[in-house]
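Take a look at the letters that make up each chain.
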Amino acid sequence: MADDSTSAFQAGQAGLIVRIPEAEPCVRGWRERLDPSAQAGVPAHITVLFPFLDESRMDEHVHSALADVLGSHQPFDLRFERCGRLPEVLYLVPEPDTQLRQLTEAIADRWPEAPPYGGRFSEVVPHLTIAQVQEDAVMEEIEADLGGRLPFTSHVASVELMVHDGVKWQERASFALGQ
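Here we summarise the structure given alongside this text. Here the structure is a predicted model, which is why all the values come from computation and not from measurement.

1. What to know about unusual backbone geometry
Consideration 1: The linkage connecting F50 with the following residue, P51, adopts the cis geometry, with an omega of -10°.
Consideration 2: Turning to its location among the elements, P51 is positioned in the loop between strand 2 (45-49) and helix 3 (60-71).
Consideration 3: One non-glycine residue, E88, adopts positive backbone phi at about 70°.
Consideration 4: Inspection of the secondary structure assignment puts E88 in the loop between strand 3 (76-86) and strand 4 (89-95).
Consideration 5: Under the relative-accessibility criterion, E88 is labelled exposed at 53%.
Consideration 6: Its identity as a non-glycine residue notwithstanding, Y117 has a phi of 55°, on the positive side.

Here it is, written out as structure tokens:
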């Protein structure tokens, strides 16, 4: 989720993600070595909103509001055919990404005090991180390895609330789309 080292994760931090279990066979080995969020227990995913509200603010009202906001969006399919790059990040490109952007916008509109990535970026680019802060040669090796494993598709039917417990990220709730 965060694009910093695992030491940057703090107890009580929360984020909303879409799990992409179909990606695990392709990316698990790379992510476990080269993505701090994987090392901290986050499965292959696309971040919907990070950071979200601190765990101390999570109550029945927040959970109910999340269920309402997310339930108003229909499930959808994603296809992963290629890799993309952001500064210091190699990722899988989800296509189309319109529904992911809409989920992020809906949550950020409901909780304006929790802008995506703390407001650090002018544009949110939906992505499934594979590796961070690696030399170009490593990124090229990963891309070559993944070339033979793509494409694959994933059906998105829920958004998970993840909370850092001080050691690892834990799923605290799952919110169905289209409810």
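2. Describing the environment of L103
Consideration 1: Along the polypeptide, L103 turns up in helix 4 (residues 98-110).
Consideration 2: What makes L103 buried here is its relative accessible area of 0%.
Consideration 3: With residues up to four places along the chain from it excluded, the contact list for L103 reads V18, V48, L70, H73, F76, V159 and L177.

3. Details of the packing of aromatic side chains
Consideration 1: One pass over the full model with this rule turns up five aromatic pairs.
Consideration 2: With 4.9 Å between their ring centres and 20° between their planes, F80 and F152 make a pair best called stacked. With a gap of 72 residues between them, F80 in strand 3 and F152 in strand 6 (residues 152-156) connect regions that are remote in the sequence.
Consideration 3: Residue F80 is classed as buried on the basis of its relative accessible area of 0%.
Consideration 4: Given a relative accessible area of 11%, F152 falls into the buried group.
Consideration 5: Between the aromatic rings of Y117 and F121, the centroid separation amounts to 5.7 Å while the plane-to-plane angle is 75°, which identifies the pairing as edge-to-face.
Consideration 6: Note on Y117: relative accessible area 13%, which makes it buried.
Consideration 7: On the accessibility criterion, F121 (42% relative accessible area) is partly exposed.
Consideration 8: Feature note: the residues F9, F50 and W169 constitute an aromatic cluster, connected by ring pairs.
Consideration 9: Taking NZ or CZ as reference, R110 lies 4.6 Å from the ring centre of W111, over its face.

4. What about the environment of D54?
Consideration 1: For D54, the position within the fold is in the loop between strand 2 and helix 3.
Consideration 2: D54 sits 65 residues away from G119 along the chain, and the two C-alpha atoms are 16 Å apart.
Consideration 3: Sequence-distant contacts of D54, defined by excluding residues within four places in its chain, comprise A11, G12 and Q13.
Consideration 4: Within polar-contact distance, the side chain of D54 engages the side chain of S56 at 2.9 Å.

5. A short note on the pairing of strand 5 (residues 128-132)
Consideration 1: Among the five residues of strand 5, five are classified as buried, and the element is accordingly described as predominantly covered.
Consideration 2: Note: strand 4 against strand 5, four bridges, orientation antiparallel. Looking across to strand 5, one finds that L90 is bridged to A131.

6. A look at the packing of helix 3 against helix 4
Consideration 1: Running from N to C, helix 3 and helix 4 point in directions that differ by 140°, and their axes come no closer than 10 Å. As helix 3 packs across helix 4, the resulting crossing turns out to be right-handed. Only L103, A106, I107 and R110 of helix 4 make contact with helix 3, whose side of the interface consists of H61, A65, L66, V69 and L70.
Consideration 2: Of the residues that constitute the contact of helix 3 with helix 4, the class distribution is seven nonpolar, one polar and one charged.

Criteria and cut-off values
Residues numbered from 1 in each chain as written. Predicted model: local features only at pLDDT ≥ 70, side-chain atom pairs only at ≥ 80, totals over all residues. Heavy atoms only, no water. Helix = DSSP H or I, 4+ residues; strand = E, 2+ residues; numbered from the N terminus. Buried < 20%, exposed > 50% of the residue type's maximum accessible area, 1.4 Å probe, protein only. Contact = heavy atoms within 4.5 Å. Phe/Tyr/Trp six-rings, centres within 6.5 Å; stacked < 30°, edge-to-face > 60°. Lys NZ or Arg CZ within 6 Å of the ring centre and 35° of its normal. Polar contact = N/O pair within 3.5 Å; in protein donor to acceptor, adjacent residues only side chain to side chain. Pairing = 2+ DSSP bridges. Axes fitted to C-alpha atoms, helices over the stretch in contact; angles between N-to-C directions. Left-handed = near helix turned anticlockwise from the far one by under 90°. Nonpolar A, V, L, I, M, F, W, Y, C, P; charged D, E, K, R; others polar.

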